[in-house]
Amino acid sequence: MSNIVDPLVGQIAARVRTERERRRWTLAQLADASGVSQAMISRIERAESSPTAVVLGKLSAAFRLSVASLLALAEGAPEGTAHETAAGETGVRRPADTAEWRDPATGYRRRQITGPRFPAEIAEIRLPAGARVPYPAAAFAFVRQVVWVLDGRLTFHDGATVHELNAGDTIELGEPAERVFANTSDSECRYAVVLTRGTTP
């Protein structure tokens, strides 16, 4: 998806830069911590490239944030804007009020259900047929997380264990491990991720 179409690209760029600068890291230090090239990070921070889900997973792991946290923070960025204030208010949120992020590599789509100030983070994910999205263990540090399959079938790799999850199935994740969300079926899988933060890094 082009940067013009995806409204979150600029917000993700600002959030990645903010998180890096908050830690007083150089681009080289973030590259070392995440395994993402310095050139790619630079393009992301300048909103010249839309990061893939895999790259977001690596960056969030380096920041000790979940992908959901990084995107929820991005949706509220920059701080102090009317968008952030609206997102933090209680009440009805229509689908049109929330930006949907799309992975340019797999077509994976993610929509934050809760605002950035809500104490739990809930996201709706649509995983296309044949898509596979891996995340490093560090992306799951400091969080308690539940995956709830709403439609379709999800092949979930939790470390060395593989779970075949159908509509209505849930899995509560334990200690951080390398994890893969895969759709090996011929139709879209829709699932929700619910997480709360543990010890703040």
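Just above sits the structure.
All of these numbers come straight from a predicted model, not from anything done at the bench. (Residues numbered from 1 in each chain as written. Predicted model: local features only at pLDDT ≥ 70, side-chain atom pairs only at ≥ 80, totals over all residues. Heavy atoms only, no water.)

### Quick word on the overall build of the protein
What counts here: The secondary structure listing takes helices from DSSP runs of H or I that are at least 4 residues long and strands from runs of E that are at least 2 residues long, numbered from the N terminus. Each residue's exposure class comes from its accessible area (1.4 Å probe, protein chains only) as a fraction of the maximum for that residue type: buried when under 20%, exposed when over 50%, partly exposed otherwise. Throughout, a contact is declared for two residues whenever any of their heavy atoms are within 4.5 Å. Computed with a 1.4 Å probe, the accessible areas rest on the Shrake-Rupley method; for each residue, only the protein chains presented here act as cover.
A count of helices and strands for the protein gives six helices and ten strands. Taking all 201 residues of the protein together, 44% fall into the buried category. Sequence separation of at least 24 residues holds for 65% of the intrachain contacts in the protein that already meet a minimum separation of 6. Carbon and sulfur atoms provide 51% of the accessible area of the protein, an area that totals close to 9,600 Å².

### What about the nonpolar core?
Here is the rule: Each nonpolar core is a collection of buried residues, namely Ala, Val, Leu, Ile, Met, Phe, Trp, Tyr and Cys, held together in the definition by side-chain atoms within 4.5 Å.
Within the largest apolar cluster, 44 residues are counted, with the highest numbers of intra-cluster contacts made by Tyr108, Leu127, Tyr135, Leu154, Phe181 and Tyr191. For this core, the leading source of residues is helix H4 (residues 53-62), giving six residues. Among residues more than four places away in sequence, those in contact with Tyr135 are Ala53, Gly57, Val67, Tyr108, Arg110, Phe140, Glu178, Arg179 and Phe181.

### Some points on the pairing of strand S7 (residues 161-166)
Residues in a regular strand point their side chains to alternate faces of the sheet. What counts, and what does not: The criterion for strand pairing is that DSSP finds at least two bridges linking the strands in question.
In terms of strand pairing, strand S6 (residues 153-158) meets S7 through six bridges, oriented antiparallel. Its bridge partner lying in S7, Thr155 is registered against Glu164. Between S6 and S7, which pair antiparallel in sequence order, lie two residues; one of them, Gly159, sits at a positive phi of approximately 65°.

### Some remarks on the sheet that holds strand S10 (residues 189-197)
Just so we agree on the cut-off: Fitting a line to C-alpha atoms yields each axis, with helices limited to the stretch in contact; the angle taken between N-to-C directions then spans 0 to 180 degrees.
In space, the six strands of this open sheet follow the order S1-S2-S3-S10-S5-S8, with antiparallel pairing throughout. With one partner strand each, in any of the chains shown, strand S1 (100-102) and strand S8 (170-173) form the two edges of the open sheet. Averaged over neighbouring strand pairs, the angle between their axes works out to 20° when direction is ignored. Here strand S5 (residues 143-151) runs beside S8; their pairing, made up of four bridges, is antiparallel. For Val147, the partnering residue across the bridge sits in S8 and is Ile171.

### Overview of the environment of Arg20
Test applied: Nitrogen and oxygen atoms within 3.5 Å of one another constitute a polar contact, given that in protein one can donate a hydrogen and the other can accept it, and given that sequence-neighbouring residues count only through two side-chain atoms.
Topologically, Arg20 is positioned in helix H1 (residues 9-22). Since its relative accessible area comes to 11%, Arg20 is described here as buried. Sequence-wise, Arg20 and Leu59 are 39 residues apart; in three dimensions their C-alpha atoms are separated by 9.7 Å. Beyond its immediate sequence surroundings of up to four residues, Arg20 is in contact with Trp25, Thr26, Leu27, Leu30, Glu45 and Phe63. Of note is the side chain of Arg20, whose polar atom sits 2.6 Å from the side chain of Glu45.

### Side note on the packing of helix H2 (residues 27-34) against H4
Keep this limit in mind: Working rule for angles: under 35 degrees goes down as roughly parallel, over 145 as roughly antiparallel, 65 to 115 as roughly perpendicular, anything else as oblique. Gly is put with the polar residues, along with every residue not named as nonpolar or charged; the nonpolar set is Ala, Val, Leu, Ile, Met, Phe, Trp, Tyr, Cys and Pro, and the charged set is Asp, Glu, Lys and Arg.
At a minimum axis distance of 8 Å, the contact between H2 and H4 shows a crossing angle of 105°. Judged on the interaxial angle alone, H4 and H2 are roughly perpendicular. Between H2 and H4, the residues in contact are Leu30, Ala33 and Ser34 and Lys58, Leu59 and Ala62, respectively. Looking at the contact of H2 with H4 residue by residue, the class counts come to four nonpolar, one polar and one charged.

### Observations concerning the pattern of salt bridges
Should the charged atoms of two oppositely charged side chains come close, the side chains can pair. Quick note on the threshold: Basic side-chain nitrogens of Lys or Arg form a salt bridge, by our definition, when they fall within 4 Å of a carboxyl oxygen of Asp or Glu.
Evaluation of the coordinates by the stated rule reveals 15 salt bridges. The partner of Arg153 in a salt bridge is Glu164, with the nearest N and O atoms 3.3 Å apart. In this pair, Arg153 sits in strand S6 while Glu164 sits in strand S7, placing the two residues eleven residues apart along the sequence. The salt bridge involving Arg179 is made with Asp158; its shortest N-O contact spans 2.7 Å. Placement of Arg179 in strand S9 (residues 179-182) and of Asp158 in strand S6 is noted, with a sequence separation of 21 residues between them. As far as burial versus exposure is concerned, Arg179 and Asp158 are alike and both buried. Here the salt bridges do not stand alone but share partners, grouping Glu100, Arg109, Arg111, Glu124, Arg126, Asp151, Glu188 and Arg190 into one network.

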